[in-house]
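Remarks on the overall topology
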Amino acid sequence: MKKDCIGRREFLQTAGIGVSSVLLGRKVAGAQRSGPKPSRPRSSSTARPSRSGLSSRPSNKPNVLIIMTDQHRADLMTCAGRDLVPTPNIDRIASRGVRFTNAYCPYPVCVASRMALLTGLYAHSTGAITNKNQLDWRYRTMANHFAENGYLTALTGKMHFGDAHNHGFKYYMSINDWLMYLGPKVQHYANEIANHPLGPKFFDTVDDGGAGLPDIDGLWPKGSPWVGNVERWNFDSMASQLEPEDHLDMFLARQTAKFITRYHRQPFFLVVSFMKPHSPFYPPRQWAEKYPVSKMKLPDVGDISKYPRHIQRRIQNTKKLGEKRQRAHRAGYLGSLAFVDTCIGYVYNALEKEGLTDNTIVVYTSDHGEMDGDHGLYQKFCLFEPAVRVPLIVSYPNHLGQNKVTGALTEYFGLYPTLAELTGIESPKKTTLLDIAGAPARMDAASFADVLRNPDMKGPDAAFSEFNLRSRTCEYMIRTRRYKYIFNHGSTHELYDHEADPGEFVNRINDPALKKVRDELCEQLFAWYNPEKNPYRPT
């Protein structure tokens, strides 16, 4: 088979603000109203100093606000037609923007997906692959680029850097700041880390970098000081012992609102990155009680015999943990999603209060999805649709359509060139700040600004993703409008026909009727990236 026939681009061308009483009272009720609040006009004719001492903004430079959650399954939004978890505040953003129904992450793991988003480069291009990897600080990020173009760049929350580099964010409030705020209440959070429903090992380590404890990898070389000092829970309830205002996500919402209030008179590039609905799956009681563990129903697993062996093993290992743990995971996940939607509303209210909604590009997305019991799987770590498809909404009133939906295949890490185009700044000339041997000369990501301007566009013919690149069984995906082909290096490959089988229950890799389709997809996948050339796979 001819492997290196065309490049990817050529192929795509052809194809303080709040406390508990405020949170639970009038402010939250306001955050959950169905319609957007009209923006208050703010005059830009004068250049009086702001409260921060900075002069007023240039009137023609829009803000950028990226609201990001962790592990949000794309179809779990009321605006997506599923009301299992009402999401009125995400829906508000969708009502004023363009929602993508087929947006894909480049890698269903936190670090790899987030670093790809920041750089516009696939994980195989940077080596930031597992949650233990750090992005080389010399790569140019969105934050670097917007800072160089006159923006105040800010990050509040999780980005999973794993070290002390800020990667271009001039204002950075990390999970560590929240841990300082908690003080002795950190004990409650350590208990939550230790009692992951589907991660029994966490009780013995109390060390989950994916959930922010600790936020810097290798902080405890001799082991976590919490080992032996945490409670063991029985998963009858997933209610957190922390008050709502003490949760990381509401802390981030308050701090982000403060930033917007303080710096609204200058162009800002602001990322607020919430932890939930990612673990620990313990939302505040008010939200946990909406999804009792005892009431959770588990999806039918189906016939797993034709799946690759590594997928079968994972399903079987999850089954061994028992149904109660699976129900607890599901209950905590759904309650966490409901809570983080409230936090999103808090941030959006601050934007409205300052009259910035018409001059701010608002993005809502997540780094990857959540299996939520489909195929007997939970979390991510695979290339099934629920894990790699992500929510993506872009709102820019008066410039883009409102309450629009597009089915165009989209790689969400194209946000970097897309936002550069929408704000009118030029795309970066290089992918690095300083030379890095072997670094790509151009971004892998492609702008999808044209789709935003015309949601009825067909868009590219394929989207790609990858997983497990540092293992013996590396996984690579090409998703077209009808088919998904997965090349599992060292295991059984997969082929799904989404027209006949949208749930991906029937692996048709050996179906003679689809041999031509399989071979064509394999060739296109190898044209994008040749698995045989993966330098990270153990020999």
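The preceding data block contains the structure.
About the cut-offs
- Residues numbered from 1 in each chain as written.
- Predicted model: local features only at pLDDT ≥ 70, side-chain atom pairs only at ≥ 80, totals over all residues.
- Heavy atoms only, no water.
- Axes fitted to C-alpha atoms, helices over the stretch in contact; angles between N-to-C directions.
- Helix = DSSP H or I, 4+ residues; strand = E, 2+ residues; numbered from the N terminus.
- Parallel < 35°, antiparallel > 145°, perpendicular 65-115°, else oblique.
- Contact = heavy atoms within 4.5 Å.
- Nonpolar A, V, L, I, M, F, W, Y, C, P; charged D, E, K, R; others polar.
- 1 Å grid on protein atoms, 1.4 Å probe; cavity = no way out; pocket = protein on both sides within 12 Å on 5 of 7 lines; lining within 4 Å.
- Points joined across faces, edges and corners; volume = space filled by probe spheres on them.
- Pairing = 2+ DSSP bridges.
- Phe/Tyr/Trp six-rings, centres within 6.5 Å; stacked < 30°, edge-to-face > 60°.
- Lys NZ or Arg CZ within 6 Å of the ring centre and 35° of its normal.
- Polar contact = N/O pair within 3.5 Å; in protein donor to acceptor, adjacent residues only side chain to side chain.
- Core = buried A, V, L, I, M, F, W, Y, C linked by side-chain atoms within 4.5 Å.
- Buried < 20%, exposed > 50% of the residue type's maximum accessible area, 1.4 Å probe, protein only.

1. Describing the packing of helix 4 (residues 88-95) against helix 14 (residues 323-353)
In the contact formed by helix 4 and helix 14, the axes pass within 7 Å of each other and the chain directions differ by 45°. It follows from the interaxial angle that helix 4 and helix 14 lie oblique. For the pair helix 4 and helix 14, contact is made by P88, N89, I90, R92 and I93 and by D341, T342, I344, G345, Y348, N349 and E352, respectively. Across the contact of helix 4 with helix 14, the residue classes tally to five nonpolar, four polar and three charged.

2. Structural notes on the side chain of E466
Relative to the helices and strands, E466 resides in strand 10 (residues 463-467). If near-sequence neighbours (up to four positions away) are discounted, E466 is found in contact with P106, Y107, P108, Y122, A123, H124, L383, E475, Y476, W528 and Y529.

3. Digging into the layout of surface pockets
Of the volumes computed, that of the largest pocket is approximately 930 Å³. As for the largest pocket, its lining consists of 39 residues, of which N131, K201, F202, D208 and F381 are closest to the centre. Elements with a contribution of two residues or more to the lining of the largest pocket: helix 10 (201-205) and helix 13 (309-320). Split into classes, the residues belonging to the lining of the largest pocket amount to 13 nonpolar, 16 polar and 10 charged.

4. Remarks on the sheet that holds strand 10
One open sheet holds the four strands; their spatial order is 10-11-12-13, and the pairing between them is antiparallel. Strands with a single pairing partner mark the edges of an open sheet, and in this sheet they are strand 10 and strand 13 (494-497). With direction set aside, neighbouring strand axes in the sheet form an average angle of 15°. Direction of pairing for strand 10 relative to strand 11 (residues 474-479): antiparallel, over a ladder of five bridges. Pairing of F467 across the sheet is with E475, part of strand 11. The strands touched by helix 18 (residues 515-528) are strand 10, strand 11, strand 12 (483-489) and strand 13; relative to strand 12, the strand with the most contacts, the crossing angle is about 65°.

5. Observations regarding empty space enclosed by the protein
Size it by volume and the largest cavity reaches roughly 80 Å³. Lining the largest cavity, in full, are W178, Y189, E192, L242, H247, L248, D249, M275, K276 and P280. When grouped by side-chain class, the residues that make up the lining of the largest cavity number six nonpolar, one polar and three charged. When its volume is computed, the second largest cavity comes out at roughly 30 Å³. Lining the second largest cavity, in full, are I311, C382, L383, F384, E475, I486 and E494. Classifying every residue of the lining of the second largest cavity by side-chain character gives five nonpolar, no polar and two charged.

6. Description of the packing of aromatic side chains
Taken as a whole and assessed by the stated rule, the structure comprises 24 aromatic pairs. Through a chain of ring-to-ring contacts, the aromatic side chains of Y122, F413, F464, Y476, F487, F526, W528 and Y529 assemble into a single cluster. The ring of F202 has K201 lying over it, and the distance from NZ or CZ to the ring centre is 5.1 Å. Above the plane of the ring of F203 lies R232, whose end atom (NZ or CZ) is 3.7 Å from the centre.

7. What to know about the side chain of H247
Secondary-structure assignment places H247 in the loop between helix 10 and helix 11 (248-263). Within the local environment of H247, its side chain forms a polar contact with the side chain of S240, the two groups lying 3.1 Å apart. Look past the residues within four positions of H247 in its chain and what remains in contact with it is W178, S240, L242, K276, Y282, P283, P284 and F339.

8. So, the packing of helix 8 (residues 175-182) against helix 11
Between helix 8 and helix 11, the least distance of the axes is 10 Å, while the angle of their chain directions is 105°. Of the possible angle classes, the one that applies to helix 8 and helix 11 is roughly perpendicular. Here helix 8 contributes I175, D177, W178 and Y181 to the contact with helix 11, which in turn contributes L248, F251 and R254. In terms of residue class, the contact of helix 8 with helix 11 is built from five nonpolar, no polar and two charged.

9. Comments concerning the environment of G490
With respect to the helices and strands, G490 occurs in the loop between strand 12 and strand 13. The spacing of G490 and T473 is 17 residues in sequence and 5.4 Å in space, taken between C-alpha atoms.

10. Side note on the nonpolar core
Formed by 93 residues in total, the largest nonpolar core has its most connected members in F100, F269, L392, L419 and Y485. Dropping the residues within four chain positions of it, F269 is found in contact with V64, I66, M142, A143, F146, Y151, L152, T153, A154, F169 and L419. Membership of the second largest hydrophobic core comes to 69 residues, among which are I175, F203, A328 and L351.

11. Thoughts on the pairing of strand 7 (residues 389-395)
For strand 7, a buried count of six out of seven residues is recorded, marking the element as mostly surrounded by other parts of the structure. Pairing of strand 2 (residues 97-104) with strand 7, which is carried by six bridges, proceeds in the antiparallel orientation. Its bridge partner lying in strand 7, A103 is registered against V390. Relative to strand 7, strand 6 (residues 360-366) runs antiparallel, the two sharing four bridges. From the neighbouring strand, T365 faces strand 7, where its bridge partner is L392.

12. Considering unusual backbone geometry
Cis geometry is found at the peptide bond from L213 to P214, where omega equals -5°. Along the chain, P214 falls in the loop between helix 10 and helix 11. Positive phi, normally seen in glycine, also occurs at Q379, with a value near 65°. Here Q379 shows up in the loop between strand 6 and helix 15 (385-388). Using a relative accessible area of 16% as the deciding quantity, one classes Q379 as buried. We note that E504 has phi near 60°; this positive angle belongs to a residue other than glycine. The residue E504 is located in the loop between strand 13 and helix 18 in this model.

By themselves, these figures tell us nothing about what the structure is for.
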